[in-house]
Amino acid sequence: MGSSPSLLFRQALASLPRGAPLSTQLLQEQGLSAKQVVRLAEGGWLRRLGRGVYLLPGDELGRDAALAWLGTQVPGLHVAGKTALGWRGVRHNLAFMERLVLWGDVPTTLPDWFTEVFPAAYQATHLFDDTLPAAVGLAPLPGGRSDLLVSAPERAVLELLSDVGKSQGIEEARHLVEGARSLRMDVLDNLLTHLKRIKVARLAHSFADDLDLPWAGLARRHSERLGGGRRWVSATRTGERLNLKRPS
């Protein structure tokens, strides 16, 4: 005679991660069938977050655990741009409610159970050509979860500049770039070598030149490499005007 779902669940409880989303697959690996998982949720042993995703009752959903779980579902998911800079110590204004900036490789919609707890914006923007290895400029935080990737400052700056005129204001971006002065030249050079967005290259050169940053010459060289017209002009969603001239 088989064990009851509640008994199997109690046996598995010690090995289940706390504060983390629990997929039906994970629970099945603990010996529970999909039907038993549904019955456990109906009986209050599990709290249903969404289709096929649960949380232990009484647990509070952990941000990093939830992000790491999303990373198993969304190819290339990582903490990017402004959020990545903030997590790595580069901040301008502290927001009362942080809005996470997340990037990935494919278009998707983040689940409601995540965004209702952790406001977030996700995009699948490809800044770099296909020859750049996927892991370049991505790494866990020191002392953080090994399965949660966060853009290094060099990559985060370029992602931030990509968002200028969309969800990111120019002046705040300038302050953040100024705060990220100690970028690793070899890493930045590698990323810029594979960069394919003219706007990002010209913004990088414009900001670095105006702020007299150590990598201004590097940014200029790659802005010249990408070429384009003499002037790049765009009206932004934030009501500002980008007017970026080609290096002369």
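Now for a look at the structure at hand.

This brings us to the sheet that holds strand β2 (residues 47-50). The antiparallel open sheet is built from three strands, whose spatial order is β1-β3-β2. Both outer strands of the open sheet, β1 (22-23) and β2, are each paired with one neighbouring strand and no more. Bridge analysis of β1 against strand β3 (residues 53-55) gives two bridges, and the strand direction is antiparallel. Among the inter-strand pairings, Ser23 is bridged to a residue of β3, identified as Val53.

This part takes up the environment of Pro142. Mapped onto the fold, Pro142 is located in the loop between β7 (138-139) and β8 (150-151). Overall, Pro142 belongs to the exposed group, its relative accessible area being 75%. For the pair Pro142 and Arg88, spaced 54 residues apart in sequence, the C-alpha to C-alpha distance is 9.2 Å.

This part takes up the pairing of β2. Pairing between β2 and β3: three bridges, direction antiparallel. In the sheet register, Arg47 faces β3, and the bridge partner there is Leu55.

Within the span of helix α8 (residues 170-179), buried status applies to Ile170, Glu172, Ala173, Leu176 and Val177. An end-on view of α8 places all buried positions within 160° of arc, on one side of the element.

A word on the nonpolar core. Counting residues in hydrophobic clusters, the biggest one holds 61 residues, and the most contacted among them are Leu102, Phe114, Val177 and Trp215. A total of six residues in this core trace back to one element, the largest contributor, which is helix α10 (residues 198-210). Excluding residues within four positions of it along the chain, Trp215 makes contact with Val177, Ala180, Arg181, Leu183, Met185, Leu188, Ala204 and Ala208. In this structure, Phe9, Leu16, Leu32 and Leu56 belong to the second largest nonpolar core, which totals 11 residues.

What counts, and at which threshold
Residues numbered from 1 in each chain as written. Predicted model: local features only at pLDDT ≥ 70, side-chain atom pairs only at ≥ 80, totals over all residues. Heavy atoms only, no water. Pairing = 2+ DSSP bridges. Helix = DSSP H or I, 4+ residues; strand = E, 2+ residues; numbered from the N terminus. Buried < 20%, exposed > 50% of the residue type's maximum accessible area, 1.4 Å probe, protein only. Arc of directions from axis to C-beta. Core = buried A, V, L, I, M, F, W, Y, C linked by side-chain atoms within 4.5 Å. Contact = heavy atoms within 4.5 Å.

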